[in-house]
Amino acid sequence: MKVLIIDDELVNLENLVEAIVKTGQDFSVLRAKSAQMALRILESETPDIIITDWDMPQMNGIEMIAYLKQNPITSEIPVIMSSGKMTSPEHLKIALDAGAVDYIRKPVDKTELIARVHSMLKLVNSYKKIREQHLLIVESDKLKL
């Protein structure tokens, strides 16, 4: 499973990466220090989940999510928003309305982060299975015609 982590603060970025790597799970972690760097990574990599900071220069996390949701290649990748500044219930609503599937406050509790990532990946896997079954049914129906 691939996880793309975007955070402009190196300490936060490395803490998130460390938390994911230390799970002992088979995660491939991609790192980006800006939304622009993340977009370059997404040109050649397709992560299963994205964790992005909200407050970043040039393109913030909300703008990043909007961009991802407009692109057919990245529109279905679940995004977890992370923030230490935008932590009110209104900010949570903004993030979810923009297309984030979850929201985690900084400083990030590593146990909570891992639980949320695992939960999200279960949903992703379930969705992939449903989609594959749907495609099999559609193909089977086409053969009957």
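J.: Is there a simple way to explain the pattern of salt bridges in this structure?
T.: On inspection of all chains with the given rule, the structure shows nine salt bridges. Linking Lys 106 and Asp 53 is a salt bridge whose minimum nitrogen-to-oxygen distance equals 3.0 Å. Here Lys 106, found in the loop between strand 5 (102-105) and helix 5 (110-144), pairs with Asp 53, found in strand 3 (residues 49-53); they are 53 residues apart in sequence, far enough to count as distant. Asp 53 matches Lys 106 in its accessibility class, with the two residues each being buried.

J.: Could you clarify how one ought to interpret helix 3 (residues 61-70) in this entry?
T.: Because an α-helix packs 3.6 residues into every turn, residues spaced three or four apart end up facing the same way. Considered for burial, the residues of helix 3 that qualify are Gly 61, Ile 62, Met 64, Ile 65 and Leu 68. The buried residues of helix 3 occupy an angular sector of 155° when projected down its axis, which confines them to one face. Contact partners of the buried residues in helix 3: strand 1 (2-6), helix 2 (35-42), strand 3, strand 4 (79-83) and helix 4 (89-98).

J.: What is the right way to look at the sheet that holds strand 3 in this model?
T.: To summarise the sheet geometry, strands pair through backbone hydrogen bonds and adopt either a parallel or an antiparallel arrangement. As summarised here, the arrangement of the five strands in space is 2-1-3-4-5, forming an open sheet in which the pairing is parallel. Every interior strand has two partners, whereas the edge strands, strand 2 (28-32) and strand 5, have only one. Direction aside, the axes of adjacent strands within the sheet are offset by 20° on average. Bridge count between strand 3 and strand 4: four bridges; the pairing is parallel. By the bridge assignment for strand 4, Thr 52 is matched with Met 81. Taken strand by strand, helix 2 contacts strand 1, strand 2 and strand 3, and its axis lies near 135° from that of strand 2.

How each quantity is defined
- Residues numbered from 1 in each chain as written.
- Predicted model: local features only at pLDDT ≥ 70, side-chain atom pairs only at ≥ 80, totals over all residues.
- Heavy atoms only, no water.
- Salt bridge = Lys/Arg side-chain N within 4 Å of Asp/Glu carboxyl O.
- Helix = DSSP H or I, 4+ residues; strand = E, 2+ residues; numbered from the N terminus.
- Buried < 20%, exposed > 50% of the residue type's maximum accessible area, 1.4 Å probe, protein only.
- Arc of directions from axis to C-beta.
- Contact = heavy atoms within 4.5 Å.
- Pairing = 2+ DSSP bridges.
- Axes fitted to C-alpha atoms, helices over the stretch in contact; angles between N-to-C directions.

Without other data, these values stay purely geometric and don't point to any function.
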